[in-house]
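# Per-entry structural report
Each chain, letter by letter, is given below.
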Amino acid sequence: MSEPMLTYRQMRDAIADYAARNDKLTEALRAAREQILELRAEMDKLSEAPNTFAIYLGPGEDDTALVLANGRKMRLRIDPELERAELRPGREVMLSESLVVVALSPQSRTGQVVSVVEQLPDGRLIVQLAADEQRLVEAGGGLAGLSINAGDSVLVDVKSALALELVAASEVSDLVLEKVPELSYDQIGGLGEQIDAIRDAVELPFLHQDVFREYGLRPPKGVLLYGPPGCGKTMIAKAVAHELAVRTAQRQGRDVSEVLASASFLNVKGPELLNKFVGESERAIRKVFASAREHADAGNPVIIFFDEMEALFRTRGSGLSSDMETTVVPQLLAEIDGVESLDNVIVIGASNREDMIDPAILRPGRLDVKIRVERPDRRGAREILALYLDASTPLRDPREELLDLLVEEIFREDEASAYVELLLSDGSSETLYYRHFVSGAMLRNVVDRAKKLAVKELLAGGEGGVSCAHALAAVRAEFRENEDLPSAAHPDEWARVSGRRGLRIKEIRPLRGLAERSQQVSEDES
């Protein structure tokens, strides 16, 4: 039996089906071809030699480029399509397999930041790479043709010996306060002897330079203020800067406000100058002295004040800190020695632990004047209290009576004011009372406490003014707050920071708690 013949409609449907299948096959072949081309391109890329990067140094002869690639200096051809105007010394470029400069790399913003020592007349720079290493480099990148000052920070590519850009050294402006503080000697109490000593060491040589030269006297380069914390070392340094500016104005017949505005007080805090990155602390020290020289060149007095010197300039090889002092201390010594030709720069250091400062810093010719700032005695304490409890303070009781009461209470020696018992290395013992730890900061705290108690009573509807009751309560509150501060773990360290000198301490026994418990027992028995 023969197969039935296909109808016209069936044939048309079959042709349409075959056409659709053909279209799909064509599309699949096209997609496969595109994938093959992409894969071939990827294979071509993988088989290409890797691009080489180089540093463009400058134009060569016959439209070529001088580059530094892998430590080798070469003269290479430049791709005609590369924009020549964008080629600047220090810019990183890409080289083809045939060593042709074909493209610019993205601008690098990394490198070594160093301090400029000097700019030569031809524009080259002498930079300080380390404490004892200097390098001569070309001014490349955006520095070509610029005037660069000593002490400026620049980004350097050491391999190509090119300075690429100027780096704003904001860290130094964060460390220093260049405005002279509004603080005079009259605002400091209890330190008359120390103020006289520093005036002789600083003011006389500065204000009478001709007389000192006539007598062959060399003015000191620096002064060290040392002693227990909170006793006015920083205040003295600030007052020196202020008084020196005022007296300079009076001697030169200039306006005081003008000299105060142009004088400088560079207040450098040791712990803030520390930096974990190699070379950063040394660079910051160079920047501080460079700033001082810049201001001193105009004939204005400049005070560089290093607070907490023992934190930054510890004895080399002491093992008390990292090895950083092996580079930081020589950098400071070099800078101090470098101020010899400047009559307007004075270095003042402050420390609670002068025994930890490297001896080279304290030898004659550097910080050669040393002034111990002692804790105030009764007379000094009264002067300090009178500054904070002045005539403008609302008082309920007479001022003199309040001052007498405060001094008597703070300096009393009895069981209630016993602070610690020290067991010494020779087997003896010594009792220290609160009066042994009086400081200007503590006296200010006492007055502030008394004022706050008076304010609270007034706001509660009571009588206004500071009274003797407020004063007594303030002293006792200050004592209670500090009763746990003695360190039994490191008694000798605690004693040195506190300012005590004498036999080595073996043990510390706090007495404040014992005295209060004894007093409580007596009250209970009665």
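Residues numbered from 1 in each chain as written. Predicted model: local features only at pLDDT ≥ 70, side-chain atom pairs only at ≥ 80, totals over all residues. Heavy atoms only, no water.

This part covers the overall build of the protein. Across its full length, the protein holds 16 helices and 18 strands. Looking at the 526 residues of the protein, the share that counts as buried comes to 42%. Across the protein, the fraction of contacts at a sequence separation of at least 24, relative to all contacts at a separation of at least 6, is 66%. Roughly 29200 Å² of accessible area belongs to the protein as shown, and the carbon and sulfur atoms make up 51% of that amount. (Helix = DSSP H or I, 4+ residues; strand = E, 2+ residues; numbered from the N terminus. Buried < 20%, exposed > 50% of the residue type's maximum accessible area, 1.4 Å probe, protein only. Contact = heavy atoms within 4.5 Å. Areas by Shrake-Rupley, 256 points an atom, 1.4 Å probe, with all protein chains shown as cover.)

We now examine the packing of aromatic side chains. Applying the stated rule across the entire model yields 6 aromatic pairs. On the basis of an interplanar angle of 80 degrees and a centroid distance of 5.5 Å, the ring pair of F306 and F313 is categorised as edge-to-face. The two residues F306 and F313 agree in class, both being buried. Measuring from centroid to centroid gives 4.8 Å for Y419 and F437, while their planes differ by 70 degrees, and the two rings are edge-to-face. Here Y419 is found in strand β16 (residues 418-424), whereas its partner F437 is found in the loop between β17 (429-433) and α13 (440-459), with 18 residues between them in sequence. Here the two residues Y419 and F437 agree in accessibility, since each one is buried. (Phe/Tyr/Trp six-rings, centres within 6.5 Å; stacked < 30°, edge-to-face > 60°.)

This paragraph deals with the packing of α13 against helix α14 (residues 468-481). One can describe the packing of α13 onto α14 by two numbers: an axis separation of 8 Å at closest approach and a directional angle of 125 degrees. By the angle between their axes, α13 is oblique relative to α14. Handedness of the α13/α14 crossing: right-handed. Residues M442, N445, V446, R449, A450, L453, A454 and E457 of α13 touch α14, and the partners they reach there are H470, A471, A473, A474, V475, A477, E478, F479 and E481. Considering only residue class, the contact of α13 with α14 consists of 11 nonpolar, 2 polar and 4 charged. (Axes fitted to C-alpha atoms, helices over the stretch in contact; angles between N-to-C directions. Parallel < 35°, antiparallel > 145°, perpendicular 65-115°, else oblique. Left-handed = near helix turned anticlockwise from the far one by under 90°. Nonpolar A, V, L, I, M, F, W, Y, C, P; charged D, E, K, R; others polar.)

Another point: the packing of helix α12 (residues 399-410) against α14. Running from amino to carboxyl end, α12 crosses α14 at an angle of 25 degrees, the nearest separation of the two axes being 10 Å. Taken together, the axes of α12 and α14 are roughly parallel relative to one another. Our pair here, α12 against α14, has a crossing hand that is right-handed. Touching E401, L402, L405, L406, E409 and I410 of α12 are C468, A471, L472, V475, R476 and F479, all from α14.

In spatial order, the strands read β1-β2-β3-β5-β4; together these 5 strands close into a barrel with mixed pairing. Strand-to-strand twist across the sheet, computed as the mean angle between neighbouring axes with direction ignored, equals 55 degrees. Where strand β3 (residues 72-78) lies against strand β5 (residues 100-104), 2 bridges are found, and the strand directions are parallel. Looking at the pairing, I78 lines up with V101 of β5. (Pairing = 2+ DSSP bridges.)

With that settled, the discussion passes to the pattern of salt bridges. One pass over the structure, following the stated rule, counts 25 salt bridges. Among the ionic pairs, D355 bridges to R353, the shortest N-O distance being 2.8 Å. One salt bridge in this structure joins R412 and E409, with 2.9 Å as the shortest N-O distance. By relative accessible area, which is 28% here, R412 ends up partly exposed. Taken together, the shared-partner salt bridges in this structure form one network comprising R382, R399, E400 and D404. (Salt bridge = Lys/Arg side-chain N within 4 Å of Asp/Glu carboxyl O.)

Formed by 35 residues in total, the largest nonpolar core has its most connected members in L385, L406, I410, V420, L422 and L443. Secondary-structure elements contributing two or more residues to this core are α11 (378-388), α12, β16, α13, α14 and β18 (505-510). For this core, the leading source of residues is α13, giving 6 residues. Non-local contacts of L406, meaning those with residues more than four positions away in its chain, are made with L385, L389, V446, A471 and V475. Ranked by size, the runner-up nonpolar core spans 34 residues in total, among them L183, V223, I346 and I371. (Core = buried A, V, L, I, M, F, W, Y, C linked by side-chain atoms within 4.5 Å.)

Okay, the environment of L125 next. With respect to the helices, strands and loops of the structure, L125 is situated in strand β7 (residues 125-130). In this structure L125 comes out as buried when scored by relative accessible area, which is 0%. Linking L125 and E138, residues 13 residues apart in sequence, is a C-alpha distance of 6.2 Å. Apart from residues lying up to four places away in sequence, L125 is in contact with V116, E118, Q119, R135, L136, V137, I148 and A163.

Hydrogen bonds between backbone atoms are what pair the strands of a sheet, whose relative direction is either parallel or antiparallel. Read from one edge of the open sheet, 3 strands run β17-β16-β18, paired in antiparallel fashion. Across the chains shown, the open sheet's two edge strands, defined by having one partner strand only, are β17 and β18. Pairs of neighbouring strands in the sheet enclose a mean axial angle of 25 degrees, with direction left out of account. The sheet contact formed by β16 and β18 spans 5 bridges and is antiparallel. Bridged to V420 within β18 is P510.

A few words now on α11. Those residues of α11 lying buried are G380, A381, I384, L385, A386 and Y388. Contacts made by the buried residues of α11 are with α12 and α13. In this structure D377 caps α11, since a side-chain oxygen of it lies 3.3 Å from the backbone nitrogen of R379. (Polar contact = N/O pair within 3.5 Å; in protein donor to acceptor, adjacent residues only side chain to side chain.)

Turning our attention to the confidence of the model for the protein. For the protein, per-residue confidence averages 79 on the pLDDT scale, and residues scoring 70 or more make up 81% of the total. Segment residues 514-526 is flagged for pLDDT under 50; beyond a separation of four residues in sequence, or across chains, it makes 6 contacts in the model. (pLDDT = per-residue confidence, 0-100.)

Once that is clear, we can look at a nonpolar patch on the surface. Side chains of V211, Y215 and L217 sit close together on the surface and give an oily, nonpolar patch of about 330 Å² of accessible area. The topology assignment puts V211 in helix α4 (residues 209-214). (Patch = residues over 30% accessible without salt bridge, like charges linked within 9 Å, V, L, I, M, F, W, Y side chains within 5 Å.)

Two elements, strand β8 (residues 133-139) and strand β10 (residues 162-167), share 2 bridges in a ladder whose sense is parallel. In the sheet register, A139 faces β10, and the bridge partner there is A163. Both strand β9 (residues 153-157) and β10 contribute to a ladder of 5 bridges, which runs antiparallel. If you follow D157 over to β10, its bridge partner there is L162. The turn linking β9 back onto β10 is made up of 4 residues, and A161 within it adopts a positive phi angle of 55 degrees.

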